[in-house]
Amino acid sequence: MVRSYPPPDSREPHRPSPLQHTLLEDAQAFVLGTLLCALGIQFLTAAGLVTGQTAGAAVLLSYASEWSFGTWFFLLNLPFYVFGWLRLGPRFVLKTVVAVTMLSVVSRLMPDFVGFDVLNPWAASALSGAVIGMGLIVIFRHGASLGGIGILALWIQERFGIQAGWIQLGFDAVLFAIAAIVLDPWLILASLLGAVAVNLIISTNHRRDRYVGR
């Protein structure tokens with residue numbers, strides 16, 4: 001007997017569904033997701049690496065200033081909430097604000113509790129990509145994001161018809177070009193490993209037809 005499956009949910013990931021998560025489920029997911037992402041950022045910054053998107057910009061700015069990644073990440077995300085509200089609605093934005101704020105605080109506290117005596121840059125990059133990728137999946141599956149350029153890219157795609165993926169790729173290209181000016185070339189190459197790992201993990205494991213909870 002052939003087993004039938006319901007059609008994939010065609011609604012946007014922030015919309016309520018019959019399998020909507022409870023407040024407690026969302027809370028534990030945000031704690032787990034932000035802890036994993038903060039640990040990944042700790043791997044990156046301890047090894048002097050960088051990543052893409054808004055997090056990468058916050059990492060670079062933290063290297064060039066006295067402000068921490070958490071402070072920069074929180075500030076850089078503020079303008080993007082407007083685009084998120086217009087494109088994805090208040091529920092998604094409110095959850096994203098919570099996730100971004102939690103990551104900003106946790107990543108600021110993480111160095112006080114986690115340190116490394118030995119940390120190879122290539123290992124740090126691979127590990128950061130793995131834990132950040134898994135942390136993002138947890139957050140995505142609970143109807144939120146970590147904000148940033150992805151929200152702007154979706155808004156531009158809807159408004160001007162330019163594909164969001166190309167916008168994000170262009171942003172990352174500029175970001176890594178700037179990083180190449182201030183960081184060792186070998187660290188840039190190692191950083192690319194982590195960026196690839198994040199995208200592979202998300203593209204392989206985060207699919208609406210396999211996970212329908214919201």
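Computed from a predicted model, the values in this text were never measured in an experiment.

Conventions we followed
- Residues numbered from 1 in each chain as written.
- Predicted model: local features only at pLDDT ≥ 70, side-chain atom pairs only at ≥ 80, totals over all residues.
- Heavy atoms only, no water.
- Helix = DSSP H or I, 4+ residues; strand = E, 2+ residues; numbered from the N terminus.
- Buried < 20%, exposed > 50% of the residue type's maximum accessible area, 1.4 Å probe, protein only.
- Contact = heavy atoms within 4.5 Å.
- Core = buried A, V, L, I, M, F, W, Y, C linked by side-chain atoms within 4.5 Å.
- Axes fitted to C-alpha atoms, helices over the stretch in contact; angles between N-to-C directions.
- Parallel < 35°, antiparallel > 145°, perpendicular 65-115°, else oblique.
- Left-handed = near helix turned anticlockwise from the far one by under 90°.
- Phe/Tyr/Trp six-rings, centres within 6.5 Å; stacked < 30°, edge-to-face > 60°.
- Patch = residues over 30% accessible without salt bridge, like charges linked within 9 Å, V, L, I, M, F, W, Y side chains within 5 Å.
- Areas by Shrake-Rupley, 256 points an atom, 1.4 Å probe, with all protein chains shown as cover.
- Salt bridge = Lys/Arg side-chain N within 4 Å of Asp/Glu carboxyl O.
- Expected span 1.5 Å × (residues − 1).
- Nonpolar A, V, L, I, M, F, W, Y, C, P; charged D, E, K, R; others polar.
- Polar contact = N/O pair within 3.5 Å; in protein donor to acceptor, adjacent residues only side chain to side chain.

### Section: the overall build of the protein chain
Here comes step 1: A count of helical and extended segments in the protein chain gives nine helices and zero strands.
Here comes step 2: Mapped from its N terminus to its C terminus, the protein chain presents α and β elements in the order α-α-α-α-α-α-α-α-α.
Here comes step 3: Taken over 214 residues, the protein chain has a buried fraction of 45%.
Here comes step 4: Within the protein chain, contacts between residues at least 6 apart in sequence are counted, and of these 78% link residues at least 24 apart.

### Examining the side chain of Thr-54
Here comes step 1: By the secondary structure assignment, Thr-54 is in helix H2 (residues 53-64).
Here comes step 2: Beyond its immediate chain neighbours, meaning those up to four positions away, Thr-54 contacts Phe-73, Leu-76, Asn-77, Phe-80, Gly-148, Ile-149 and Phe-171.

### What about the nonpolar core?
Here comes step 1: Leu-49, Val-50, Phe-69, Phe-73, Ile-132, Leu-136 and Leu-146 are the most contacted members of the largest nonpolar core, which totals 43 residues.
Here comes step 2: Those elements giving two or more residues to this core turn out to be helix H1 (23-46), H2, helix H3 (69-77), helix H4 (80-88), helix H5 (90-109), helix H6 (121-140), helix H8 (164-182) and helix H9 (185-205).
Here comes step 3: With residues up to four places along the chain from it excluded, the contact list for Leu-146 reads Cys-37, Phe-73, Asn-77, Thr-96, Ala-99, Val-100, Leu-103, Leu-136 and Ile-139.
Here comes step 4: One finds Phe-80, Leu-152, Ala-153 and Ile-167 within the second-largest nonpolar core, a separate group that totals seven residues.

### Comments concerning the packing of H2 against H3
Here comes step 1: At a minimum axis separation of 8 Å, H2 and H3 run at an interaxial angle of 135°. Between H2 and H3, the crossing angle belongs to the class labelled oblique. You can see that H2 and H3 cross each other, and the crossing is right-handed. In contact with Thr-54, Ala-55, Ala-57, Ala-58, Val-59, Leu-61 and Ser-62 of H2, H3 contributes Phe-69, Trp-72, Phe-73, Leu-76 and Asn-77.

### Examining the packing of aromatic side chains
Aromatic ring pairs are defined here through the distance separating the ring centres and the angle between the ring planes.
Here comes step 1: Under the counting rule described, the total for this entry stands at three aromatic pairs.
Here comes step 2: When the ring of Phe-43 is compared with that of Phe-116, the centres are 5.0 Å apart and the planes differ by 25°; the resulting orientation is stacked. In this pair, Phe-43 sits in helix H1 while Phe-116 sits in the loop between H5 and H6, placing the two residues 73 residues apart along the sequence.
Here comes step 3: We classify Phe-43 as buried; its relative accessible area is 9%.

### Digging into a nonpolar patch on the surface
Here comes step 1: A contiguous nonpolar surface patch, about 510 Å² in accessible area, is contributed by Trp-122, Trp-186, Leu-189, Leu-192 and Leu-193.
Here comes step 2: If one sorts the elements of the nonpolar patch by residue count, H9 sits on top with four residues.
Here comes step 3: Within the element layout of this structure, Leu-189 appears in helix H9.

### Describing H2
Here comes step 1: Over its 12 residues, H2 runs 17 Å from end to end, which matches the ideal 16 Å to within 8%, given 1.5 Å per residue.
Here comes step 2: Here H2 has its buried residues at Thr-54, Ala-55, Gly-56, Ala-57, Ala-58, Val-59, Leu-60 and Ser-62.

### Some remarks on the packing of H4 against H5
Here comes step 1: Here H4 crosses H5 at 145°, and the two axes come no closer than 7 Å. Two secondary-structure elements touch here, H4 through Tyr-81, Gly-84, Trp-85 and Leu-88 and H5 through Pro-90, Phe-92, Val-93, Thr-96, Val-97 and Val-100.
Here comes step 2: The residue inventory of the contact of H4 with H5, partitioned by class, reads eight nonpolar, two polar and no charged.

### Looking at the side chain of Gln-42
Here comes step 1: If you trace the backbone, Gln-42 turns up in helix H1.
Here comes step 2: Its relative accessible area of 9% is what places Gln-42 among the buried residues.
Here comes step 3: In terms of polar contacts, Gln-42 uses its side chain to reach the backbone carbonyl oxygen of Val-114, at 2.7 Å.
Here comes step 4: When near neighbours in sequence (up to four residues on either side) are disregarded, Gln-42 contacts Met-110, Pro-111, Val-114, Gly-115 and Phe-116.

### A word on the environment of Phe-176
Here comes step 1: Among the structural elements, Phe-176 can be located in helix H8.
Here comes step 2: The exposure class assigned to Phe-176 is buried, which follows from its relative accessible area of 11%.
Here comes step 3: Taking the C-alpha atoms as reference points, Phe-176 and Leu-189, 13 residues apart in sequence, are found 9.8 Å from one another.

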